[in-house]
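Listed below, chain by chain, are the residues.
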Amino acid sequence: MLYALGVLIFALGLLVSIALHEVGHMVPAKKFGVKVTQYMVGFGPTIWSRKRGDTEYGVKAIPLGGYIRMIGMVPPRADGSRSRWPRRMASAVEDFRRLSRAEVQPGDEPREFYRLTPGKKIIVMLGGPTMNLLIYLILTVALLSALGKPHNDPTTTVGTVTKCVVAANSVDASKNICPRTAPLAPAYNRLQPGDKILSVDGTQIKSWDQLVSIIEPSANRTLHVTVLRNGVQQSVQLTPVENVKYASTTGTKTKVAGYLGVSPTNHHYYQPLGISAIPGEIGSQLNKGVQALGSYPQKIGSLWDTVFHGKPRDVNGAIGVVGIGRLGGDLAQSNQLDLQDKVFSLVGLLASVNLLLFFFNLLPLLPLDGGHVAGAIVEAVKRGRARLRPRVAAGEPGLDPPARPQIFVDTAQMLPVMYAVASVLIVLTLLTLYADIVKPVSLGG
């Protein structure tokens, strides 16, 4: 029941995000006078629709996206122009042009999208990604100010006791394996989970970092440790051994230091952020989003190995809508998370998806929004260069120079590029869909 609820909450949140993305395109388009004939959430067969004015509003069967249809996305073919593509591809381009312009009725010419100025085209095409960014910002600000940022501060209470001594950067440590030849850890069978460290050699222990600072330089020296176990104080003699440890909890550098084989119990809590601290946190998340997009090709390689070579699924690799929906279900039904954790994780997951949609749609590739923005920028540059060229009046002196012909970028000529990008996106969608169904990413890794 909770699993289905988690999937439903995420699915509804994603549908709302898609719907608002398309609103971000539609509102400025209509504001600038473009005729919008369709506003649809989803793809495939239409489940419900209603027409108001020029626009048909509806919901389709496959909730994996959405679109608005604006008339005149591509200009008519210029008289005497020749395509640079081979004959078959040139024919396909013209077929695409005719299909795209089929909705342009007599009298609709001033309402065609291609007639907008480059600046207005950019505003229309950036409206969708901007809406995703706004959704991310609203969810994130609400989450950080109301619920807060999660903290896991180590306490002086023992959480786990390791059985043996292995180097932190070894394969055995990564697999949590104790080789037969490995010596027992000094704390094994001496300390227990739940023991609270009170003092070491008479020095009162107030934090786990303080305990570590005493243990690391004390290799091969016996320490007198006082612990509180089941309400009773006990003294234990422990001798740290030298071992390879990570220099920090997040780094990869190692060092040789004293080692007991214990880890702390963490105090998990949420602390709301002040208004002044939220921009810094958002900036950090934006930077992580850019890094995640930049590492996407590497994640596709990992996904390929999972699908075709049977390798384990990378928990930090590429994941699709189905996989994210399943994660939402796992979060909702998890017994290891309390209500705060579930709310934070589900809302944060939806916010992250909107952030990635924002960055992804800005890629300068057709048919993505960024591809249309790039076309508008090229058009603006061409118009600017044309203004710099002097106009010479034809005929007798004193006549006004002839009007410059309007310059448009013919996006229909980019049809082969659109086909190539769309084909890649379809393949990636199918790969992630297969992996999300057969080898899904789970909370346990």
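Quantities reported herein were computed from a predicted structural model and do not represent experimental measurements.

Student: Please clarify how helix α3 (residues 118–147) should be interpreted in this entry.
Tutor: Since one α-helical turn is 3.6 residues long, residues separated by three or four positions face the same way. Its 30 residues place the ends of α3 42 Å apart at the C-alpha level, agreeing with the 44 Å of an ideal helix rising 1.5 Å per residue. Of the residues flanking the end of α3, it is Gly 148, one or two places downstream, whose phi is positive at about 110°.

Student: Looking at this model, I keep getting lost on the pattern of salt bridges. Mind explaining?
Tutor: Close approach of charged atoms allows side chains of opposite charge to pair. Tallied over the entire structure, the rule returns 15 salt bridges. A salt bridge links Lys 149 to Glu 281, with the shortest nitrogen-to-oxygen separation between them at 3.1 Å. Placement of Lys 149 in strand β3 (residues 149–161) and of Glu 281 in helix α6 (residues 278–294) is noted, with a sequence separation of 132 residues between them. The class for Lys 149 is partly exposed, based on a relative accessible area of 31%. Between Arg 313 and Asp 436 there is a salt bridge, with the nearest N and O atoms lying 2.8 Å from each other. With Arg 313 in the loop between α7 (296–309) and α8 (321–333) and Asp 436 in helix α11 (residues 415–438), this pair connects stretches of sequence that are 123 residues apart. Arg 313 gets classed as buried once you look at its relative accessible area, which sits at 13%.

Student: How should I be thinking about the environment of Pro 264 in this particular structure?
Tutor: Here Pro 264 shows up in strand β10 (residues 262–271). Judged by its relative accessible area of 23%, Pro 264 falls in the partly exposed class. Note: C-alpha distance between Pro 264 and Phe 113 (151 residues apart in sequence) is 62 Å. When neighbours within four sequence positions are excluded, Pro 264 is seen to be in contact with Pro 154, Thr 155, Thr 157, Val 158, Gly 159 and Trp 208.

Student: Just to check I follow, could you spell out the side chain of Thr 226 for this structure?
Tutor: Within the fold, Thr 226 resides in strand β6 (residues 223–229). For Thr 226, a relative accessible area of 18% translates into the label buried. Non-local contacts of Thr 226, meaning those with residues more than four positions away in its chain, are made with Lys 196, Ile 197, Leu 198, Ser 199, Gln 233, Gln 234 and Ser 235.

Student: Is there a simple way to think about a positive patch on the surface in this case?
Tutor: The grouping of Arg 84, Lys 382, Arg 385 and Arg 389 at the surface amounts to a positive patch. Along the polypeptide, Arg 84 turns up in the loop between β2 (55–70) and α2 (87–100). We classify Arg 84 as exposed; its relative accessible area is 84%.

Student: Which parts of the structure should I look at to understand the environment of Trp 208?
Tutor: Locating Trp 208 in the fold gives a position in helix α5 (residues 208–215). For Trp 208, a relative accessible area of 9% translates into the label buried. Distance in space between the C-alpha atoms of Trp 208 and Lys 163 is 20 Å, their sequence separation being 45 residues. In this structure, Trp 208 is in contact with Pro 154, Thr 155, Thr 156, Thr 157, Val 262, Ser 263 and Pro 264, ignoring residues within four places of it in sequence.

Student: What exactly am I supposed to notice about the packing of α3 against helix α10 (residues 369–388) here?
Tutor: Any two packed helices are characterised by the angle at which their axes cross and by the distance between the axes. One can describe the packing of α3 onto α10 by two numbers: an axis separation of 9 Å at closest approach and a directional angle of 165°. Looking at the two axes, α3 sits roughly antiparallel to α10. In this structure, α3 crosses over α10, and the sense of that crossing is left-handed. Residues Pro 118, Lys 121, Ile 122, Met 125, Leu 126 and Pro 129 of α3 form the contact with α10, whose participating residues are Asp 369, His 372, Val 373, Ala 376, Ile 377, Glu 379, Ala 380 and Arg 383. Tallied by class, the residues present in the contact of α3 with α10 amount to nine nonpolar, one polar and four charged.

Student: When you look at the side chain of Arg 313 in this model, what are you seeing that I'm missing?
Tutor: Within the structure, Arg 313 has its side chain in polar contact with the backbone oxygen of Ala 435 (distance 3.1 Å). Ignoring any residue separated from it by four or fewer positions in sequence, one finds Arg 313 in contact with Leu 303, Thr 306, Ala 318, Ile 319, Ala 435, Asp 436, Lys 439, Pro 440 and Val 441.

Student: Quick question: what am I supposed to make of the state of the cysteines here?
Tutor: A covalent bond between the sulfur atoms of two cysteines is what we call a disulfide. This model, assessed by the stated rule, comprises one disulfide. There is a disulfide in this structure between Cys 164 and Cys 178, and the S-S distance comes to 2.0 Å. Its torsion about the S-S bond being -100°, the disulfide of Cys 164 and Cys 178 is classed as left-handed. Note that Cys 164 is positioned in the loop between β3 and α4 (171–174) and Cys 178 in the loop between α4 and β4 (196–200), a separation of 14 residues in sequence.

What counts, and at which threshold
- Residues numbered from 1 in each chain as written.
- Predicted model: local features only at pLDDT ≥ 70, side-chain atom pairs only at ≥ 80, totals over all residues.
- Heavy atoms only, no water.
- Helix = DSSP H or I, 4+ residues; strand = E, 2+ residues; numbered from the N terminus.
- Expected span 1.5 Å × (residues − 1).
- Salt bridge = Lys/Arg side-chain N within 4 Å of Asp/Glu carboxyl O.
- Buried < 20%, exposed > 50% of the residue type's maximum accessible area, 1.4 Å probe, protein only.
- Contact = heavy atoms within 4.5 Å.
- Patch = residues over 30% accessible without salt bridge, like charges linked within 9 Å, V, L, I, M, F, W, Y side chains within 5 Å.
- Areas by Shrake-Rupley, 256 points an atom, 1.4 Å probe, with all protein chains shown as cover.
- Lys, Arg positive; Asp, Glu negative; His and termini not counted.
- Charge placed at Lys NZ, Arg CZ, Asp CG, Glu CD.
- Axes fitted to C-alpha atoms, helices over the stretch in contact; angles between N-to-C directions.
- Parallel < 35°, antiparallel > 145°, perpendicular 65-115°, else oblique.
- Left-handed = near helix turned anticlockwise from the far one by under 90°.
- Nonpolar A, V, L, I, M, F, W, Y, C, P; charged D, E, K, R; others polar.
- Polar contact = N/O pair within 3.5 Å; in protein donor to acceptor, adjacent residues only side chain to side chain.
- Disulfide = S-S within 2.5 Å.

The quantities given are spatial measurements derived from coordinates; they are silent on function.
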